[in-house]
Amino acid sequence: MFHDAMIVALKDVRIELRSKVLLNQLLPFVLVVLILFGFAIGTANQTLVQVSPGIFWVVAFFAAILAVERSLSVESDNHAKEGLMVYGLEPAGVFLGKLIAVMVECFAVEVVLGLGVVVLYGVKLHGVMLLILASLFATLGLASVGVLFGALSAATKVRETLLPLLVLPATAPVLLAATKAWEDGIVNHSGIGDPWLGLLVVFGLVFLAIGLVSFESVLED
Amino acid sequence: MNRSGVLVRLIGLLAIIGIVGTYWMGLVVTPPDVFQGNLVRLVYLHPPVAWVAYLAYGVTSLASIAFLWKRTRNLKWDRLAASSAEVGVLFTGLTLVTGSIWGRPTWGVWWTWDARLTTTALLFLLYLGYLAIRRIPGDRYKVGTRSAVAGLVAFIDVPIVHQSVVWWKTLHQGATVLNPSLSPKIHGEMAWTLLLGFVSFTLLYVWFTIKRYQVASMTDELEDVEVDRMIRERLESDGGVLSGGAPRAESNFVDGGSLK
């Protein structure tokens, strides 16, 4: 399974490196949104600093939806999905590979977003270990649900609109916990004992398990 | 009418009688609450409706598992999951509306970002997504598989809804009937009214789900008949390969026009 996962993950990352969609479109998109939030909320009275964890995660979520959408659209073109199945790759391996590739892209976006809130909003990062672990497990939960639902809706023409409707409510608790964990880290200087991190870990692992178990049924579709 | 038909009618009749009884007991027989006054009467409606919503999603999840499991894979499980989810969405909507009506005079707002309230709203959206997935056209087994996986993921939210009161400790009062010590906090006729509410709305759920299931079966049957008819017409116009001995494909569904 892990071997198959690495094959799929490397393939996806290679496609991304060659097409440069992440670099040319996704990263500028998240920076534009950060600047727009600056205009919309205003830069006075530390408001931006206070709401920065929320903005960070909302933008990260939207960027992740785009990354998932792109990750699955490359499989629906030219019957690429059938190709993956013909190669005899394990469905769980395909899921894990897709998941790893999407997570890598999401981390790239989150690093840029993090720099964005530090530079543009003047946020001082504290509890860095908590922030990193919260990001890791929040991205795991988000990407697991995203890849699973992305594969479910991949065969349809309404994928672009259906995917956010499916993924965002399902991952809303992840958004809540990730935002709270970041608030605790930045404002309260909390460590990795933060309870919200526990919630993120549970979510991430549960959705990962469901994806691994059920992806075979989804791929047969 | 066969025996199962009579049973379904009996369930429906009992549900309606039970709900009328709940209203009568809730509005006439039981006294106002010491603290909440007449507002307490909504308590006979809101928890049973919420229970039915959760029950419906539970049934959807079990039916989804049965459909995904290869040994029990059968379209009847998919129809049951779909029927139950539709009824569940209806009752989740009613849960939110009745909760909101109660919340306005009690908490002073129509909506509050209370954990259970918010999660119930998310559950509502999740299952709207589930119903949207169901509407994607395709082979019945493909639609069933997609929906079953989506239904399972959505179901994970249900325990979170119930546990969220404990986790996030917000405005919503703790569980009244299913509290950890299993000793209900209400007494006498109020408890009986609430119990009647639970039984009646559960019967209503069963009745709605059976009816919706029957409509789903008939829709599938109608589709099959229509497809058969079109194939036959095509073959006959192409030279009548199947003309003569083959049975007629038209059915009462089409001729009667009731399900068109």
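Below is a summary of the structure that appears in this document. (Residues numbered from 1 in each chain as written. Chains lettered and ligands numbered in written order. Predicted model: local features only at pLDDT ≥ 70, side-chain atom pairs only at ≥ 80, totals over all residues. Heavy atoms only, no water.)

Residue and element names in this part refer to chain B. Helix length check: helix 3 (residues 75–107), at 33 residues, gives a terminal C-alpha distance of 46 Å against a target of 48 Å (1.5 Å per residue), a fit within 8%. Backbone nitrogen of Lys76 and a side-chain oxygen of the N-cap are separated by 3.0 Å at the start of helix 3; the cap is Asn74. Backbone geometry just downstream of helix 3 places Gly108 in the positive-phi region, at approximately 90 degrees. (Helix = DSSP H or I, 4+ residues; strand = E, 2+ residues; numbered from the N terminus. Expected span 1.5 Å × (residues − 1). Polar contact = N/O pair within 3.5 Å; in protein donor to acceptor, adjacent residues only side chain to side chain.)

Counting residues in each nonpolar core, the largest one holds 93 residues, and the members touching the most others are Phe149, Leu200 and Phe215 of chain A together with Tyr127 of chain B. If you look at the next biggest cluster of nonpolar residues, it comprises 14 residues, including Ala15, Leu45, Ala56 and Val87 of chain B. (Core = buried A, V, L, I, M, F, W, Y, C linked by side-chain atoms within 4.5 Å. Buried < 20%, exposed > 50% of the residue type's maximum accessible area, 1.4 Å probe, protein only.)

All names here are of chain A. In the contact formed by helix 2 (residues 21–41) and helix 5 (residues 91–121), the axes pass within 10 Å of each other and the chain directions differ by 35 degrees. Here helix 2 and helix 5 pass one another in a crossing that is right-handed. Facing helix 2, whose interface residues are Leu22, Leu26, Leu27, Val30, Leu31, Leu34, Ile35, Phe37 and Gly38, helix 5 presents Glu105, Ala108, Val109, Val112, Leu113, Gly116, Val117, Leu120 and Tyr121. Partitioning the contact of helix 2 with helix 5 into residue classes produces 15 nonpolar, two polar and one charged. (Axes fitted to C-alpha atoms, helices over the stretch in contact; angles between N-to-C directions. Left-handed = near helix turned anticlockwise from the far one by under 90°. Contact = heavy atoms within 4.5 Å. Nonpolar A, V, L, I, M, F, W, Y, C, P; charged D, E, K, R; others polar.)

All names here are of chain A. In this model helix 2 runs 29 Å from its N-terminal to its C-terminal C-alpha over 21 residues, within 8% of the 30 Å that 1.5 Å per residue would give. Listed as buried for helix 2 are Val21, Leu22, Leu26, Leu27, Val30, Val33, Leu34 and Gly38. Looking at the buried residues of helix 2, the elements they touch are helix 1 (2–19), helix 3 (47–76) and helix 5. In the segment just after helix 2, Gly42 is the residue with positive phi, at about 90 degrees.

Nothing here speaks to function; it is all geometry.
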